6 protein chains.
Amino acid sequence: MLNKNIETFIGCTAGFDEADIVLYGAPFDSTTSYRPGARFGPSAIRHESYGIETYSPYQDRDLEDISVFDSGDVELCIGDASIALSQLEERAKIIADAGKLPFLLGGEHLVTLAPVRVLAKNYPELHIIHFDAHADLRDDYLGAKLSHACVLRRCHDILGDGRIHQFGIRSGERAEFAFAREHTDFHPLKLDGLCETVEKLASEKLPVYLTVDLDVLDPSCFPGTGTPEAGGVSFDELRSALELICKKCRIVGLDLVELAPNLDQSGISTALACKLVRELLCCITNK
Amino acid sequence: MLNKNIETFIGCTAGFDEADIVLYGAPFDSTTSYRPGARFGPSAIRHESYGIETYSPYQDRDLEDISVFDSGDVELCIGDASIALSQLEERAKIIADAGKLPFLLGGEHLVTLAPVRVLAKNYPELHIIHFDAHADLRDDYLGAKLSHACVLRRCHDILGDGRIHQFGIRSGERAEFAFAREHTDFHPLKLDGLCETVEKLASEKLPVYLTVDLDVLDPSCFPGTGTPEAGGVSFDELRSALELICKKCRIVGLDLVELAPNLDQSGISTALACKLVRELLCCITNK
Amino acid sequence: MLNKNIETFIGCTAGFDEADIVLYGAPFDSTTSYRPGARFGPSAIRHESYGIETYSPYQDRDLEDISVFDSGDVELCIGDASIALSQLEERAKIIADAGKLPFLLGGEHLVTLAPVRVLAKNYPELHIIHFDAHADLRDDYLGAKLSHACVLRRCHDILGDGRIHQFGIRSGERAEFAFAREHTDFHPLKLDGLCETVEKLASEKLPVYLTVDLDVLDPSCFPGTGTPEAGGVSFDELRSALELICKKCRIVGLDLVELAPNLDQSGISTALACKLVRELLCCITNK
Amino acid sequence: MLNKNIETFIGCTAGFDEADIVLYGAPFDSTTSYRPGARFGPSAIRHESYGIETYSPYQDRDLEDISVFDSGDVELCIGDASIALSQLEERAKIIADAGKLPFLLGGEHLVTLAPVRVLAKNYPELHIIHFDAHADLRDDYLGAKLSHACVLRRCHDILGDGRIHQFGIRSGERAEFAFAREHTDFHPLKLDGLCETVEKLASEKLPVYLTVDLDVLDPSCFPGTGTPEAGGVSFDELRSALELICKKCRIVGLDLVELAPNLDQSGISTALACKLVRELLCCITNK
Amino acid sequence: MLNKNIETFIGCTAGFDEADIVLYGAPFDSTTSYRPGARFGPSAIRHESYGIETYSPYQDRDLEDISVFDSGDVELCIGDASIALSQLEERAKIIADAGKLPFLLGGEHLVTLAPVRVLAKNYPELHIIHFDAHADLRDDYLGAKLSHACVLRRCHDILGDGRIHQFGIRSGERAEFAFAREHTDFHPLKLDGLCETVEKLASEKLPVYLTVDLDVLDPSCFPGTGTPEAGGVSFDELRSALELICKKCRIVGLDLVELAPNLDQSGISTALACKLVRELLCCITNK
Amino acid sequence: MLNKNIETFIGCTAGFDEADIVLYGAPFDSTTSYRPGARFGPSAIRHESYGIETYSPYQDRDLEDISVFDSGDVELCIGDASIALSQLEERAKIIADAGKLPFLLGGEHLVTLAPVRVLAKNYPELHIIHFDAHADLRDDYLGAKLSHACVLRRCHDILGDGRIHQFGIRSGERAEFAFAREHTDFHPLKLDGLCETVEKLASEKLPVYLTVDLDVLDPSCFPGTGTPEAGGVSFDELRSALELICKKCRIVGLDLVELAPNLDQSGISTALACKLVRELLCCITNK
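Here we summarise the structure given alongside this text. In every chain, residue numbers begin from 1 and rise along the written sequence. A letter from A marks each chain and a number from 1 marks each ligand, given out in the order of writing. Reporting in this predicted model follows two pLDDT cut-offs: at least 70 for local features of residues, and 80 or more for side-chain atom pairs to be given and counted; totals over whole chains, interfaces and linings ignore these cut-offs and use all residues. The basis for every side-chain value is the complete set of non-hydrogen atoms in the structure, without hydrogens or water.

Moving on, we get to the overall build of chain A. Strands here mean DSSP runs of E at least two residues long; helices mean DSSP runs of H or I at least four residues long; both are numbered from the N terminus. Looking only at helices and strands, chain A has 8 helices and 10 strands in total. Over its C-alpha atoms, taken along the principal directions, chain A stretches across nearly 45 × 40 × 40 Å. Each residue is placed in one exposure class: buried if its accessible area under a 1.4 Å probe, protein chains only, is under 20% of its type's maximum, exposed if it is over 50%, and partly exposed if it falls in between. Buried residues in chain A amount to 70% of all 287 residues. Looking at chain A alone, contacts between residues at least 24 apart form 77% of all its contacts between residues at least 6 apart. Just so you know, the count uses Lys and Arg for positive and Asp and Glu for negative, and it drops His and the chain ends. By convention, the point assigned to a charge is CZ for Arg, NZ for Lys, CD for Glu and CG for Asp. One way to put it: in chain A the 28 positive side-chain charges average out to a point 3 Å from where the 45 negative ones average out. Contact definition: two residues touch when any of their heavy atoms are within 4.5 Å.

Set out below in structure tokens:
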């Protein structure tokens with residue numbers, strides 16, 4: 001696999017073969033119902049990554065110490081979610097089948113379904129840790145089953161009860177909250193209970209897919225997202241949480257979604273997302 | 001009363017007669033001395049309310065359970081504050097006299113004077129709970145008595161000492177702070193002492209007008225306001241405070257003012273205001 | 001048909017039954033491949049229409065003299081173009097079958113396909129006059145047949161050669177330009193030849209659908225569109241052209257598409273679009 | 001008169017006594033009904049003037065050759081148009097009575113009434129040349145007589161028929177256009193007939209007040225104004241027109257109004273306004 | 001020469017060896033005195049080029065027909081103009097010495113000096129065709145000799161009288177205009193006289209460096225530049241002029257400078273610049 | 001020293017001779033490597049200071065009680081850091097030599113080097129308290145020794161080990177962090193250990209230069225800076241820290257740098273900076 005005509009994420013200088021982790025992007029937001037722009041997320045993250053350092057003072061680790069290949073964006077069929085997901089699955093499969101960790105940069109949250117489909121086959125016991133402001137548990141949205149608002153419900157279709165661990169959720173229909181209380185490991189509003197969940201998943205060495213909808217963050221530090229929800233967690237809280245998970249759990253795939261850089265002209269949202277990518281890359285490989 | 005040609009706040013589907021609460025808007029900022037835009041507040045709140053859910057996970061309540069009529073904006077005389085206030089009083093009076101709770105969406109803070117004039121007649125013992133970054137206690141501003149900078153002073157003219165309970169104030173002239181310390185129940189900078197104030201008002205069942213200048217919030221989570229003042233309260237703090245007040249006190253009228261959506265292109269300020277409207281609607285009727 | 005919870009276009013105060021023209025909106029941009037935002041077009045046009053006058057000094061006509069019903073936006077399935085088009089066809093059919101002129105506010109250009117499908121049945125001799133910067137004649141775009149980039153090609157599938165009259169086209173693939181030269185009445189770059197085309201269509205009283213992609217305008221006067229193309233026509237040129245067509249031809253349906261108000265914070269694009277809606281409403285009924 | 005704490009317009013280094021022309025600003029937009037921001041006009045023009053040169057290649061003249069005093073902004077009562085106008089009249093009177101030419105930087109168009117009141121007393125035969133997109137001839141606006149939408153009507157109250165020469169008008173109520181056709185020297189849409197008007201005023205050496213509402217310009221070159229109206233004149237057209245007038249007519253006062261710099265983040269509107277101030281200063285003194 | 005980690009301009013897929021033209025970027029604006037941002041020009045042009053087509057309907061030519069290598073940006077010493085110019089010269093020399101046409105994407109105008117230094121050695125009879133709003137003929141600017149405001153003066157130091165042909169200039173100090181009239185082939189304000197100049201240069205087959213400061217365009221169609229100057233030329237005028245020059249003259253190097261994409265959030269400036277790059281690439285090779 | 005043509009910071013009405021503190025501005029960002037705009041900091045702070053009050057409720061102090069002269073910006077050579085620093089040193093020296101406290105408004109961080117050079121001569125025992133997100137300890141940046149990224153390293157060249165006290169640092173190369181741990185009093189990430197440092201400096205009455213890079217603040221409350229770094233301190237934390245330092249330590253000079261107002265269109269960053277200037281002015285003189 002070759003990445004031509006791509007400005008890669010800072011410090012991701014490895015070739016595919018030598019890489020432990022492979023970045024891939026999903027410039028897609030066709031099902032976004034409110035304010036679009038998540039399609040611009042992956043390229044913004046790559047371009048603005050040159051504004052941060054490769055060194056993490058939090059972990060005393062440097063991107064130069066690890067091997068990451070940035071495979072660029074998948075060219076997706078705009079306007080047809082079903083085809084787009086297949087195209088994305090193909091890339092995820094190539095990465096996973098080569099024994100490398102697939103790290104997806106969204107795009108809207110629906111894109112998570114592609115690697116989950118792939119990895120649920122490879123890891124029948126797959127669990128998902130889900131950070132989000134929204135439950136994303138609708139059965140359909142305005143008639144569409146493949147929608148950002150339904151993505152965790154689609155994951156539940158595949159994985160079943162008790163496999164999805166949700167944190168930070170503070171928005172949804174009454175029915176979604178009822179569904180969550182019954183079918184998922186549900187931690188609404190903030191991150192309470194994370195340590196216990198991590199402890200349990202880690203002790204059993206269960207394979208974990210980590211999906212981070214960046215709107216779990218408070219809009220004050222992350223305004224650049226389609227549906228900002230006041231009352232979220234701080235950068236420090238999220239960073240610590242992710243470091244804990246990545247160092248303790250057996251991560252088999254992960255994503256960072258819902259940055260809409262066009263909605264934040266100050267650029268602080270994109271800069272924060274870049275820093276989280278660096279922190280995730282550093283701590284996944286640091287155990 | 002009929003609301004034609006109005007996009008109403010989400011979930012506010014009741015007719016006037018059946019409604020317990022009536023929303024009305026004041027698209028007015030003629031006396032704004034620094035950066036205008038609060039005139040766009042009411043329509044922005046209505047339009048963007050479709051980006052939030054009707055369900056409050058904080059209260060496990062849904063707008064669908066309650067009866068609210070959105071009467072739209074009052075057509076106000078731009079450029080003459082005195083006439084504009086009379087026009088606004090007229091609407092407030094119709095609502096109050098029909099035994100419904102008037103809920104005003106500003107506009108600049110001067111508009112608070114209209115419902116206070118009306119309700120002070122109906123409730124001679126009226127108290128005001130006031131959240132704000134600014135004291136708004138000047139006797140005049142550049143010669144004008146009817147100014148956003150004087151609105152609580154005008155309320156004090158009507159209600160007298162000890163009736164106004166101010167929280168979060170962190171900006172004003174030295175003379176305003178001196179006036180506040182002498183004549184109002186003054187809690188500068190943050191929300192310290194709120195529980196005691198609420199307890200007292202609640203135990204005596206005193207009628208309370210609640211006025212929330214959104215710039216009481218920290219500019220990090222609410223940049224979209226004419227005169228942002230660093231050092232404010234967080235969304236969680238304000239939301240809890242309002243829930244406490246609405247559940248305990250006898251609210252006879254309320255407002256949310258000083259959103260200037262044009263000053264925040266990320267839209268997080270408007271989204272936050274929408275959520276506060278939902279939370280207020282849910283908790284006022286939940287006791 | 002009732003329009004509830006809608007802020008209608010200025011001066012459009014008629015009920016459905018009495019109206020000669022019916023406005024309907026398509027808040028859709030799921031197939032937009034470059035910069036989204038056309039979904040916000042219809043509501044922006046309605047909201048900002050209160051910034052213009054109902055009187056046209058160009059035509060000495062007033063919206064108050066004519067009967068227009070604004071039926072609001074069609075609720076569309078986000079992310080599935082095929083379903084969305086069906087939903088839109090339904091509305092167009094109701095309007096057309098009631099003998100009223102359907103006037104569509106886009107949205108991206110794909111939405112034009114819905115009324116064309118309806119009207120091609122009602123008027124087998126239907127012609128299309130098409131203003132645009134882009135040919136929109138691809139057979140597919142990244143695998144999708146239903147795409148903004150293919151919409152006139154889909155119309156050609158229905159209507160066949162010689163029925164589509166294209167003006168202002170200054171962007172496209174080489175293959176699209178070749179196709180146009182062979183299969184459509186093609187007037188690239190500017191509006192040359194418009195008078196002759198109009199004369200011919202008028203003299204034979206042929207039914208005409210008028211579709212105006214606003215990016216036919218020069219980006220200097222209309223920056224708020226997804227894919228701005230330098231070298232377009234001026235407002236005066238477009239306004240005159242539209243007045244000529246509407247006064248001479250037998251218009252059986254029309255649309256104005258591709259305003260993306262989020263891309264122009266100055267608001268001049270939305271204001272211009274509002275004015276064109278007014279001018280079109282005035283001149284269609286003025287013959 | 002002393003200008004303390006003022007960043008003056010570039011090249012305006014004269015003291016009051018030696019100056020031929022005196023600049024004064026009116027940071028006022030309280031009656032603006034649509035989008036405010038003209039209050040920021042005068043300070044933006046001064047601040048950004050350092051981005052242009054003092055030399056005019058159009059006239060081969062330099063601001064260094066002429067004597068202008070910038071007296072800064074008048075401190076105006078926000079929210080009360082009547083008081084604000086009196087405050088502005090006072091400044092205009094001081095300037096005019098000292099035999100200097102008062103050049104007002106707006107602010108919304110209502111401010112023009114102040115110097116016209118002053119100069120109509122000094123020059124009973126005063127004429128007004130008026131460039132604008134809007135007729136501004138309403139008798140009242142939402143009940144207010146002192147409104148930007150009525151300012152030329154108020155001038156007509158003072159001067160009577162035939163004294164006001166209007167150019168570029170392309171927006172207004174039907175009634176305003178009817179009034180204009182009867183009572184003013186009316187040149188709608190563009191600048192046709194300007195030469196004749198100038199010739200006539202010049203030949204009789206009539207005193208002329210020149211008021212330039214910058215929205216007479218096409219929004220493409222001047223997006224930064226509250227109510228942009230497509231179809232305006234170009235910079236070259238307006239610049240030539242103003243040079244013609246200033247060189248031929250007996251100008252006794254002038255203004256440039258309705259720049260709202262906050263509505264144009266590219267800054268081209270403010271830069272254009274700065275250049276027009278320079279051109280006006282150069283050509284008024286060049287005859 | 002290899003371009004790694006670069007998103008190349010659309011259609012520029014050739015390798016260095018096979019290419020006729022080589023693009024190189026100068027992300028530099030350290031001497032910009034007014035509003036910075038030109039440093040973002042090259043990457044914006046590359047990134048946004050995917051929003052235009054490779055086919056030019058003006059010339060019926062396609063980028064796919066020609067061989068261009070995009071060598072990416074030169075890494076420049078920020079804050080030291082002298083070092084930065086040397087670094088840029090090095091790249092220009094490699095390209096020119098390989099017999100390829102160097103096409104520079106700025107950056108501020110100072111960067112033009114680098115290829116001119118290189119090419120003046122290779123072509124002692126070098127002429128410059130210069131499109132700009134500003135004369136750029138100061139001898140120094142605030143003490144700096146190496147400044148965007150002096151760049152053509154520095155070129156004159158090298159080439160001497162009569163070798164620089166300036167068009168569109170409408171801003172400068174009186175002294176610069178005087179210098180231009182004496183020492184350059186000076187065509188102020190618009191493009192008058194271009195045909196004659198081209199004819200002369202072409203007939204003698206003189207080597208020509210073409211430098212296009214994009215602010216020669218009217219700010220209405222190109223707001224995204226540091227110092228916008230009202231009264232410029234239109235896109236159609238500039239495009240025709242460039243086509244004429246490139247088809248007739250012996251171009252030995254060229255640049256396009258002073259796009260500051262951060263100053264135009266609508267993106268029309270960047271889109272226009274992309275289109276000009278395409279047009280230039282197509283017509284240089286089309287003779 | 002006279003400040004002509006300057007809009008001074010609110011309440012700074014003293015003349016040079018009577019002043020205890022003298023403000024001076026450095027509109028410079030030529031070495032900014034990422035996103036420029038700090039050059040606009042000083043004038044933005046002055047202009048927007050009229051949106052805050054002169055009274056500090058935190059300290060119960062008013063700017064009217066103290067004597068500050070605002071000497072305006074130093075005219076700096078754009079594009080040559082070495083010359084610019086000399087120009088700035090000259091101003092700092094005049095202020096310091098007159099026995100007044102020099103208070104510098106940046107500008108990028110490199111400007112700090114100028115007063116440090118001056119004061120290190122006057123106070124051989126000079127210490128620096130440094131708040132920043134970035135270590136700024138590189139020995140060179142892309143070959144330049146005089147760069148914002150190297151400024152504290154240059155200070156270290158002058159002062160040596162143990163004299164620089166760094167707080168809040170959360171970004172840098174691995175080598176910078178290593179250097180800091182060895183050579184400075186290093187408190188990364190937050191403000192831990194400040195009290196001890198202050199206590200020590202105060203007890204020995206050591207002369208202290210205080211430099212505040214505003215990006216030490218969290219981007220949520222201060223988005224308007226070139227290189228925002230998530231995870232910073234809050235306004236309340238910084239304000240308290242500065243009050244502590246100014247009241248206890250012997251401050252001999254200070255600065256506030258890296259506000260880039262163009263990067264935050266909401267204006268909250270500039271407003272916060274204004275408030276910090278007021279708080280610093282109030283507490284420096286209040287011991």
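After that view, the rundown keeps rolling.
Another point: the interface of chain C and chain D. If you look at the interface, chain C gives 21 residues, while chain D gives 24 residues. In total, about 1,800 Å² of surface goes out of reach between chain C and chain D, with carbon and sulfur atoms giving 50% of it. When a carboxyl oxygen of Asp or Glu lies within 4 Å of a side-chain nitrogen of Lys or Arg, that pair is called a salt bridge. Inspection of the region where chain C meets chain D yields 4 salt bridges. Nitrogen and oxygen atoms within 3.5 Å of one another constitute a polar contact, given that in protein one can donate a hydrogen and the other can accept it, and given that sequence-neighbouring residues count only through two side-chain atoms. At the boundary of chain C and chain D, one finds 8 residue pairs in polar contact (both at pLDDT 80 or more). Elements supplying a minimum of two residues to the side of chain C that touches chain D: strand E3 (61-62), helix H7 (235-248) and helix H8 (268-284) of chain C. Accessible area, probed at 1.4 Å, shrinks when two parts are joined; the buried area is that loss added up over both.

This part takes up the relation of the copies chain C and chain D. By a simple turn and slide, chain C fits onto chain D: the slide is 0.0 Å along the axis, the RMSD is 0.0 Å, and the turn is 120 degrees. The superposition of one copy onto the other is thereby described by a three-fold rotation axis. Looking at the rotation axis and the C-alpha trace of chain C, the residue lying nearest is Ser220(C), at 2.9 Å. Both copies present different contact surfaces, since only 10% of the interface residues of chain C are interface residues in chain D too. Our superposition of the copies is a least-squares fit, built on the C-alpha atoms of residues whose pLDDT is at least 70 in both.

On to unusual backbone geometry. The omega angle of the peptide bond from Gly106(B) to Gly107(B) is 5 degrees, so this bond is cis rather than trans. Positionally, Gly107(B) belongs in the loop between strand E5 (101-106) and helix H3 (113-122). The backbone phi angle of Asp60(C) is positive, close to 50 degrees, even though this residue is not glycine. Here Asp60(C) shows up in the loop between strand E2 (55-56) and E3. With relative accessibility at 45%, the residue Asp60(C) sits in the partly exposed group. A positive phi is found at Leu142(C), a non-glycine position, where the angle reads about 50 degrees. Topologically, Leu142(C) is positioned in the loop between strand E6 (127-131) and helix H4 (151-159).

This next bit is on helix H6 (residues 194-203) of chain F. All names here are of chain F. Along H6, the positions that sit buried rather than exposed are Leu-194, Thr-197, Val-198, Leu-201 and Ala-202. Angular distribution of buried residues about the axis of H6 spans 125 degrees; they occupy a single face of the element. The outward face of H6, more than 90 degrees from its buried face, is lined by the exposed residues Glu-196, Lys-200 and Ser-203. Of the residues flanking the end of H6, it is Lys-205, one or two places downstream, whose phi is positive at about 50 degrees. By construction, the arc corresponds to the directions joining the helix axis to the C-beta atoms.

When chain B is fitted onto chain D, the two copies agree to an RMSD of 0.0 Å after a turn of 180 degrees and an axial shift of 0.0 Å. Taken together, the rotation and translation describe the operation of a two-fold axis. Closest to the rotation axis within chain B is the C-alpha of Ser30(B), separated from it by 2.4 Å. Both copies present the same face, since 100% of the interface residues in chain B are matched by interface residues at the equivalent positions in chain D.

Moving on, we get to the interface of chain B and chain D. Residue-level contacts link 20 residues of chain B with 21 residues of chain D. Carbon and sulfur atoms make up 56% of the area that chain B and chain D hide from each other, which totals about 1,500 Å². Looking only at chain B, the three residues that lose the most surface to chain D are Arg39(B), Ile78(B) and Leu142(B), adding up to 33% of its buried area. Run the count over chain B and chain D and you get 0 salt bridges.

Right, let's get into the sheet that holds strand E10 (residues 250-257) of chain A. Residue and element names in this part refer to chain A. Any two strands with at least two DSSP-identified bridges between them are counted as paired. Read across the open sheet, the 8 strands follow the order E4-E1-E5-E10-E9-E6-E7-E8; overall the sheet is parallel. The outermost strands of the open sheet, each flanked by one partner alone, are strand E4 (68-73) and strand E8 (185-187). Here the average twist between neighbouring strands, direction ignored, is 15 degrees. As judged from the 5 bridges shared by strand E6 (residues 127-131) and strand E9 (residues 207-213), these two strands associate in the parallel manner. Orientation is described by axes fitted as lines to C-alpha atoms, over the contacting stretch for helices, and by angles from 0 to 180 degrees between their N-to-C directions.

Hydrogen bonds between backbone atoms are what pair the strands of a sheet, whose relative direction is either parallel or antiparallel. All names here are of chain E. Read across the open sheet, the 8 strands follow the order E4-E1-E5-E10-E9-E6-E7-E8; overall the sheet is parallel. Here the strands that pair on one side only, and so sit at the sheet edges, are strand E4 (68-73) and strand E8 (185-187). The average angle at which neighbouring strand axes cross in this sheet is 15 degrees, direction not considered. Relative to strand E10 (residues 250-257), strand E5 (residues 101-106) is paired through 3 bridges, and the arrangement is parallel. Note that in E10 the partner of Phe-103 across the bridge is Leu-254. Along the sheet, helix H2 (residues 81-97) contacts strand E1 (21-26), E4 and E5; its crossing angle with E1, the most-contacted strand, is approximately 175 degrees.

Our next topic: the arrangement of the chains. The two units chain B and chain E never meet; even their closest C-alpha atoms stay 12 Å apart. Separated without contact, chain C and chain F have their nearest C-alpha atoms at a distance of 12 Å.

This brings us to the packing of helix H1 (residues 41-48) of chain A against helix H8 (residues 268-284) of chain A. Residue and element names in this part refer to chain A. Where H1 meets H8, the closest approach of the two axes is 9 Å, and the angle between their N-to-C directions is 80 degrees. Between H1 and H8, the crossing angle belongs to the class labelled roughly perpendicular. In contact with Ala-44, Ile-45 and Glu-48 of H1, H8 contributes Thr-270, Ala-273, Cys-274 and Val-277. Class assignment of the residues belonging to the contact of H1 with H8 gives a composition of 5 nonpolar, 1 polar and 1 charged. Angular relationships are summarised with four words: roughly parallel below 35 degrees, roughly antiparallel beyond 145, roughly perpendicular across 65 to 115, and oblique for the angles in between. Lys, Arg, Asp and Glu make up the charged group, whereas Ala, Val, Leu, Ile, Met, Phe, Trp, Tyr, Cys and Pro make up the nonpolar group; the residues left over, Gly among them, are polar.

Moving on, we come to the side chain of Arg91(B). Residues and elements named next belong to chain B. Among the secondary structure elements, Arg-91 is positioned in helix H2 (residues 81-97). Buried charge without a partner: Arg-91 forms no salt bridge, and the closest opposite charge is Asp-70, 6.9 Å away. Here the side chain of Arg-91 touches Gly-72 through a polar contact of 3.2 Å, landing on its backbone oxygen.

In this section: the packing of helix H3 (residues 113-122) of chain E against helix H4 (residues 151-159) of chain E. Residues and elements named next belong to chain E. Contact geometry for H3 and H4: axes closest at 10 Å, N-to-C directions at 10 degrees. Taken together, H3 and H4 sit at an angle that is classed as roughly parallel. Counted together, Leu-113, Val-116, Arg-117 and Ala-120 of H3 and Val-151, Arg-154, Cys-155, Ile-158 and Leu-159 of H4 form the full contact between these two elements. A breakdown of the residues in the contact of H3 with H4 according to their chemical character gives 7 nonpolar, no polar and 2 charged.

Before going further, it helps to examine the side chain of Gln166(C). All names here are of chain C. Mapped onto the elements of the fold, Gln-166 is located in strand E7 (residues 164-167). Within the structure, the side chain of Gln-166 is placed 3.2 Å from the backbone oxygen of Ala-135, a separation counted as a polar contact. Dropping the residues within four chain positions of it, Gln-166 is found in contact with His-130, Ala-135, Leu-137, Leu-152, Ala-180, Thr-184, Asp-185, Phe-186 and His-187.

Time to look at the pairing of E6(A). All names here are of chain A. The element E6 is largely enclosed, with a buried count of 5 among its 5 residues. Alignment of E6 against strand E7 (residues 164-167), held across 4 bridges, turns out to be parallel. Across the sheet, Ile-128 pairs through a bridge with Ile-164, a residue of E7. Between E6 and its parallel partner E7, the chain crosses via helix H4 (residues 151-159), and the hand of that crossover is right-handed. Every crossover in which the path from the first strand over the helix to the second runs clockwise, viewed with the strands pointing away from the viewer, is termed right-handed.

When the centres of two rings from Phe, Tyr and Trp lie within 6.5 Å, Trp using its six-membered ring, the rings pair. Their planes under 30 degrees apart give stacked, over 60 give edge-to-face, and anything left gives tilted. Taken as a whole and judged by the stated rule, the model has 30 aromatic pairs over all chains. Residues Phe177(A) and Phe186(A) carry aromatic rings whose centres are separated by 5.5 Å and whose planes lie at 85 degrees to one another, so their mutual orientation is edge-to-face. Exposure remark for Phe177(A): the relative accessible area of 1% places this residue in the buried category. Following the ring pairs from residue to residue traces out a cluster consisting of Tyr55(A), Phe177(F) and Phe186(F). For a ring to carry a charge above it, either NZ of a lysine or CZ of an arginine must fall within 6 Å of the ring centroid while also lying within 35 degrees of the normal to the ring plane. Of note, Lys100(E) hangs over the ring of Phe16(E), and the distance from its end group to the ring centre comes to 5.4 Å. Over the ring of Phe179(E) we find Arg153(E), and its NZ or CZ is 4.0 Å from the ring centre.

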